[in-house]
Amino acid sequence: MAEIEVRDRADMLAELIACESCSAPTLLRIAGLCADCIAGIGLAADRTAYEAWRRRVSEEIERRATG
Ligand SMILES: [Zn+2]
């Protein structure tokens, strides 16, 4: 992916962050993973990684709800 130059952080609406799995820069990361990685584990025959990720999503939602 081409590097994007940030010119004015005060006007910035979103920031690229690295996916914890593939390290790709992404604007949307849910429980550590980018959309491509979520799709990959979501479509895999082995549900182990997907179920672990779903538990992490639930834990993060719970943690944010309870502070
Ligand atoms: Zn990824």
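Before reading on, note that the structure itself is shown above.
All of these numbers come straight from a predicted model, not from anything done at the bench.

Q: Got a minute to help me understand the environment of Pro 25 in this structure?
A: Looking at where Pro 25 falls in the secondary structure, it is placed in strand β2 (residues 25-26). On a C-alpha basis, the gap between Pro 25 and Glu 15 in space is 9.2 Å, while along the polypeptide they are 10 residues apart.

Q: Is there a simple way to explain the coordination of the zinc ion in this structure?
A: Metal coordination angles have textbook ideals: 109.5 degrees for a tetrahedral set of four donors and 90 or 180 degrees for an octahedral set of six. The coordination sphere of the zinc ion contains the protein donors Cys 19 (SG), Cys 22 (SG), Cys 34 (SG) and Cys 37 (SG), at a distance range of 2.3 to 2.4 Å. Every donor counted, the four donor atoms about the zinc ion form angles of 107 to 113 degrees at the centre, which fits tetrahedral coordination. For the zinc ion, the single-chain donor residues occur in sequence as C-x2-C-x11-C-x2-C. Separated by 12 residues along the polypeptide, Cys 22 in the loop between β1 (17-18) and β2 and Cys 34 in the loop between β2 and α1 (35-43) bring together distant segments of the chain. You can call Cys 22 partly exposed: its relative accessible area is 39%. Classification of Cys 34 as buried rests on a relative accessible area of 5%.

Q: Looking at this structure, how should I read the packing of α1 against helix α2 (residues 48-66)?
A: Packed helix pairs are characterised by how far apart their axes lie and by the angle those axes make with each other. Interhelical geometry of α1 versus α2 gives an angle of 125 degrees and a closest axis separation of 7 Å. Considering the angle they form, α1 stands oblique to α2. Along this stretch, α1 crosses α2, giving a crossing that reads as left-handed. Only Ala 49, Tyr 50 and Trp 53 of α2 make contact with α1, whose side of the interface consists of Ile 38, Ile 41 and Gly 42. Broken down by class, the residue content of the contact of α1 with α2 amounts to five nonpolar, one polar and no charged.

So, how was this worked out
- Residues numbered from 1 in each chain as written.
- Predicted model: local features only at pLDDT ≥ 70, side-chain atom pairs only at ≥ 80, totals over all residues.
- Heavy atoms only, no water.
- Helix = DSSP H or I, 4+ residues; strand = E, 2+ residues; numbered from the N terminus.
- Donors = N, O, S within 2.8 Å, 3.2 Å for Na, K, Ca; no water.
- Tetrahedral: all angles 85-135°; square planar, octahedral: opposite > 155°, others 65-115°.
- Buried < 20%, exposed > 50% of the residue type's maximum accessible area, 1.4 Å probe, protein only.
- Axes fitted to C-alpha atoms, helices over the stretch in contact; angles between N-to-C directions.
- Parallel < 35°, antiparallel > 145°, perpendicular 65-115°, else oblique.
- Left-handed = near helix turned anticlockwise from the far one by under 90°.
- Contact = heavy atoms within 4.5 Å.
- Nonpolar A, V, L, I, M, F, W, Y, C, P; charged D, E, K, R; others polar.

Honestly, it's all geometry; don't read function into it.
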